[in-house]
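Take a look at the letters that make up each chain.
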Amino acid sequence: MEIVHVYTKVRAEFGRQCMFSDRPAELLLDLQPDPSVGQTFVSRNPRDVAPQVCRAMSEHQVNTERFESSSCGMNHVEGGWPKDINPAEMEQTIRFRKKVEKDEGYVNSVLHLGSVMEHCSRQNNAADIYQDYFEEEEESEEGQETPFAKTINVFRDPNEVKRTVTALSWHPDSSRKLAAAYSCLEFQKSTRDMSLDSYIWDIENPNRPEMALKPTSPLICLEYNPKDSHTLVGGSYNGQIAYWDTRRGSQPVEFSSVEQSHRDPVYKIIWLQSKTGTDAFSASTDGQVLWWDVRKLSEPTERLVLDLSREGNLDRALGAISLEFEATMPTKFMVGTEQGVVVSCNRKAKTAAEKIVCTYEGHHGPVYALQRNPFFPKNFLTVGDWTARIWSEDIKESSIMWTKYQTSFLMDTCWSPVRPSVFFTVKMDGVLDHCVLSPSAGPQVCDQALYSLRVQDNGRFLACGSQQGGATLLEICPGLSTLQKNEKSLLAAMFERETKREKILEARQKEIRLKERSRSAQSREEEGGGGGGGAREEGEDSPDQLISNAENNFYNIVEAELRRRREKEEEENQEKDVCEEKEVKEEEEEEEEEER
Amino acid sequence: MAEVEETLKRIQSQKGVQGVIIVNSEGIPIKTTLDNSSTVQYAGLIHQLVMKARSTVRDIDPQNDLTFLRVRSKKNEIMIAPDKDYFLIVIQNPSD
């Protein structure tokens with residue numbers, strides 16, 4: 001409905017002066033409310049709104065897109081010549097120069113500058129003013145500065161869908177390249193368009209990976225061949241092993257056949273020491289450890305089933321999550337399992353049954369990482385559930401040292417290759433801890449959970465990988481990466497002491513068990529035989545006597561142990577967690593309860 | 001003209017001097033004892049450096065001006081004497 005107001009004026013009246021006059025208001029139009037229109041609206045709840053006389057503003061955050069930059073060189077060519085002179089023409093340039101040389105201003109300038117210059121030049125020749133004094137003095141150890149790690153670079157997954165960095169491997173020679181394996185470990189979370197690639201990064205260039213490795217299934221673990229720095233071997237999510245040669249491009253040179261490979265994701269693969277330098281072995285949660293020769297990946301050279309009953313039964317096998325192999329002990333290797341047990345195996349054993357040598361129990365959850373101390377190969381470090389534990393090979397009952405229960409899951413660990421008493425751990429809350437045989441909180445590396453960790457061979461740099469696909473490169477402070485005096489001997493003494501303590505505890509427990517068994521055997525004999533009164537009396541007295549005897553013995557031993565430990569603690573000058581003591585006491589108490 | 005030659009010869013004959021270049025205010029090398037490509041490189045780069053150094057000195061104190069610039073590096077020392085219209089650049093190997 002259009003509202004129109006028509007206004008007419010007689011033509012003869014155009015141009016005349018306006019005569020204004022007053023008149024009462026005239027109703028031109030009256031629009032009545034139309035209730036039918038009201039049906040199309042919904043009434044709102046009355047709300048209190050406080051108006052304010054100011055401009056309505058809204059807060060808005062803007063983040064500029066990351067600028068992709070690339071470096072390139074520029075070629076400088078001669079320039080600066082006046083317009084009429086062509087720098088290529090020798091004649092013109094020479095003529096120009098001769099003209100300048102004749103200029104008087106030039107002569108005066110040069111004479112003046114020459115004298116200044118001579119003065120300085122002679123000065124240089126007279127004495128070396130920048131001589132280094134005190135060059136020979138060694139840098140003394142600085143005071144206890146808080147150790148730190150500085151983030152140098154972050155290498156982000158260039159794909160849209162971010163995957164976890166599940167493994168990292170440093171290039172064996174130059175340490176300038178880092179290979180990272182990307183995959184999504186969460187069950188069935190990988191989407192169809194998730195990229196399968198894993199990348200090799202050059203640490204100088206965090207913008208673009210140097211090379212991409214294209215497997216058919218995402219890689220979970222990746223290792224450079226320590227002997228041949230061009231080859232890599234990787235284990236993938238579908239259980240296959242792939243072998244790359246970086247000189248040949250991104251596609252794998254060879255793939256293992258699906259039937260002969262693992263049936264579960266390959267969690268760890270390690271190169272072996274061999275004459276040909278082409279052997280590797282891999283572990284997976286399907287319970288098998290397979291040996292491969294990378295020249296012929298169609299079937300594994302050897303197979304081991306991690307069945308603790310030594311029957312080779314695959315259904316009862318433990319799933320393997322981590323592997324450990326030390327080149328100095330080529331016949332032994334260790335496997336960390338999902339069930340929290342570390343299995344130590346001998347490679348050279350003849351039968352499969354003999355392959356599994358012994359087991360170490362102690363973790364409540366999967367043993368995510370396992371590594372021997374490079375300086376003390378008899379001791380190894382494991383990480384799983386919320387603790388990191390250090391074990392001695394001889395003591396199978398429990399670890400000799402362990403950290404407090406941390407607040408979040410520990411995912412990976414490694415010893416520092418330079419300092420024997422330092423190891424690094426990464427946790428699910430994104431924190432990288434360094435432990436100088438006692439955990440001290442490290443810097444928060446990133447907000448996302450950290451999954452993998454690898455220290456470079458010279459001990460200065462460390463790379464850790466996160467859940468969102470970012471690999472962070474950190475530089476460790478010099479305090480943590482230089483070997484201190486006496487460190488090796490102190491650490492050796494510490495390990496020995498702890499091992500001895502565990503041995504004593506073990507022996508004590510065995511003794512108690514033996515006594516218990518022999519006494520129960522004795523009392524059974526007596527009851528059965530219905531022997532003399534004396535014997536029966538002994539039998540009746542013995543339970544109470546046993547208990548009180550055991551109690552007394554127990555307290556004596558604990559006291560002796562405490563005394564000994566106090567003395568030892570005074571000797572050493574490194575801190576240690578006191579909860580070990582409490583745990584020991586709890587263990588002993590539990591034994592007591594069992595006996596009763 | 002002859003004095004200029006003499007001065008330059010004297011500087012050149014000092015112990016450790018590797019090269020002498022005279023550059024004008026536009027960056028054109030007038031006289032040099034090095035080969036052309038090095039001369040051009042030095043002329044271009046040092047020109048910018050001197051401009052920057054001079055402006056730095058004058059920004060801090062407008063009454064001040066740059067009189068001499070020494071750039072000491074691991075392998076040698078570059079000495080630059082600036083003037084209104086010309087610079088004199090001498091590359092010397094210091095006395096060790």
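Residues numbered from 1 in each chain as written. Chains lettered and ligands numbered in written order. Predicted model: local features only at pLDDT ≥ 70, side-chain atom pairs only at ≥ 80, totals over all residues. Heavy atoms only, no water.

A. Expanded view of the overall build of chain A. Per the secondary structure count, chain A includes 7 helices and 28 strands. Considering chain A as a whole, with its 596 residues, one finds that 42% of them fall into the buried category. Taking as baseline every contact in chain A between residues at least 6 positions apart, the subset at least 24 positions apart corresponds to 51%. Total accessible area on chain A is roughly 36,000 Å²; 49% of this is exposed by carbon and sulfur atoms. (Helix = DSSP H or I, 4+ residues; strand = E, 2+ residues; numbered from the N terminus. Buried < 20%, exposed > 50% of the residue type's maximum accessible area, 1.4 Å probe, protein only. Contact = heavy atoms within 4.5 Å. Areas by Shrake-Rupley, 256 points an atom, 1.4 Å probe, with all protein chains shown as cover.)

B. Looking closely at the pairing of strand β15 (residues 332–337) of chain A. Residue and element names in this part refer to chain A. In terms of burial, β15 is a largely internal element, 5 of the 6 residues being buried. Strand direction decides the pairing type here: strand β14 (residues 320–325) and β15, joined by 5 bridges, are antiparallel. Within β15, the position partnered with Ser-322 by the bridge is Gly-336. In this antiparallel pair of consecutive strands, β14 and β15, the connection spans 6 residues. Both β15 and strand β16 (residues 341–346) contribute to a ladder of 5 bridges, which runs antiparallel. Residue pairing in the sheet places Phe-333 in a bridge with Cys-345 of β16. Linking two consecutive strands that pair antiparallel, namely β15 and β16, is a turn of 3 residues; a positive phi of about 90° is found at Gly-340 within it. (Pairing = 2+ DSSP bridges.)

C. Inspection of the confidence of the model for chain A at higher detail. Summary statistics for chain A give a mean pLDDT of 76 and a share of 80% for residues scoring 70 or more. Note that residues 528–540 of chain A has pLDDT below 50 and, in this model, 5 contacts with residues that lie over four places away or in other chains. (pLDDT = per-residue confidence, 0-100.)

D. Quick peek at the pattern of salt bridges. All names here are of chain A. For the coordinates displayed, the defined rule picks out 23 salt bridges over all chains. Linking Arg-23 and Glu-26 is a salt bridge whose minimum nitrogen-to-oxygen distance equals 2.7 Å. For Arg-23, a relative accessible area of 58% puts it in the exposed group. The residue Glu-506 makes a salt bridge to Lys-510 at a minimum N-O spacing of 3.7 Å. On the criterion of helical spacing, the pair formed by Glu-506 and Lys-510 is a turn pair, its members being 4 residues apart in helix α5 (residues 487–529). The exposure class of Glu-506 is buried, given its relative accessible area of 14%. Judged by relative accessible area, which is 46%, Lys-510 ranks as partly exposed. In this structure, a network of salt bridges that share partners links the residues Arg-497, Glu-498, Arg-501 and Glu-502. (Salt bridge = Lys/Arg side-chain N within 4 Å of Asp/Glu carboxyl O.)

E. Structural context of the sheet that holds β16 of chain A. All names here are of chain A. With antiparallel pairing, the 4 strands of this open sheet are ordered in space as β14-β15-β16-β17. Each edge of the open sheet carries a strand with a single partner, namely β14 and β17 (356–361). The average undirected angle you get between the axes of adjacent strands in this sheet is 20°. (Axes fitted to C-alpha atoms, helices over the stretch in contact; angles between N-to-C directions.)

F. How the structure looks around the sheet that holds strand β2 (residues 29–32) of chain B. Residues and elements named next belong to chain B. Judged by pairing direction, the sheet is antiparallel, and its 5 strands sit side by side in the order β2-β1-β5-β4-β3 without closing on themselves. The open sheet terminates on both sides in strands that have one partner only, identified here as β2 and β3 (69–72). This sheet shows a mean twist of 15° between the axes of neighbouring strands, independent of strand direction. As paired strands, strand β1 (residues 17–24) and β2 are joined by 3 bridges and run antiparallel to one another. Bridge assignment links Ile-22 to a residue of β2, and that residue is Lys-31. Along the sheet face, helix α1 (residues 2–12) touches β1, β2 and β5 (86–92) and points at about 145° away from the line of β1. Most of the contacts of helix α2 (residues 36–60) go to strand β4 (residues 77–82), to which it runs at about 60°, and overall it touches β1, β2, β3, β4 and β5.

G. Fine view of the interface of chain B and chain A. Each side of the interface is counted separately: chain B has 35 residues, and chain A has 31 residues. Both faces considered, chain B and chain A share a buried interface measuring about 3,100 Å² in area, 60% of it formed by carbon and sulfur atoms. The tally of links from chain B across to chain A stands at 2 salt bridges. Residues Arg-10 of chain B and Glu-118 of chain A are paired through a salt bridge, measuring 2.6 Å at the closest nitrogen-oxygen approach. Connecting chain B to chain A are 8 residue pairs in polar contact (both at pLDDT 80 or more). Of all the secondary structure elements, the ones that give two or more residues to the side of chain B that touches chain A are α1, β1, β2, α2, β3, β4 and β5 of chain B. It is α1 of chain B that provides the largest number of residues to the side of chain B that touches chain A, a total of 6 residues. Looking at side-chain class alone, the side of chain B that touches chain A contains 19 nonpolar, 6 polar and 10 charged residues. (Buried area = accessible area lost by both parts, 1.4 Å probe. Polar contact = N/O pair within 3.5 Å; in protein donor to acceptor, adjacent residues only side chain to side chain. Nonpolar A, V, L, I, M, F, W, Y, C, P; charged D, E, K, R; others polar.)

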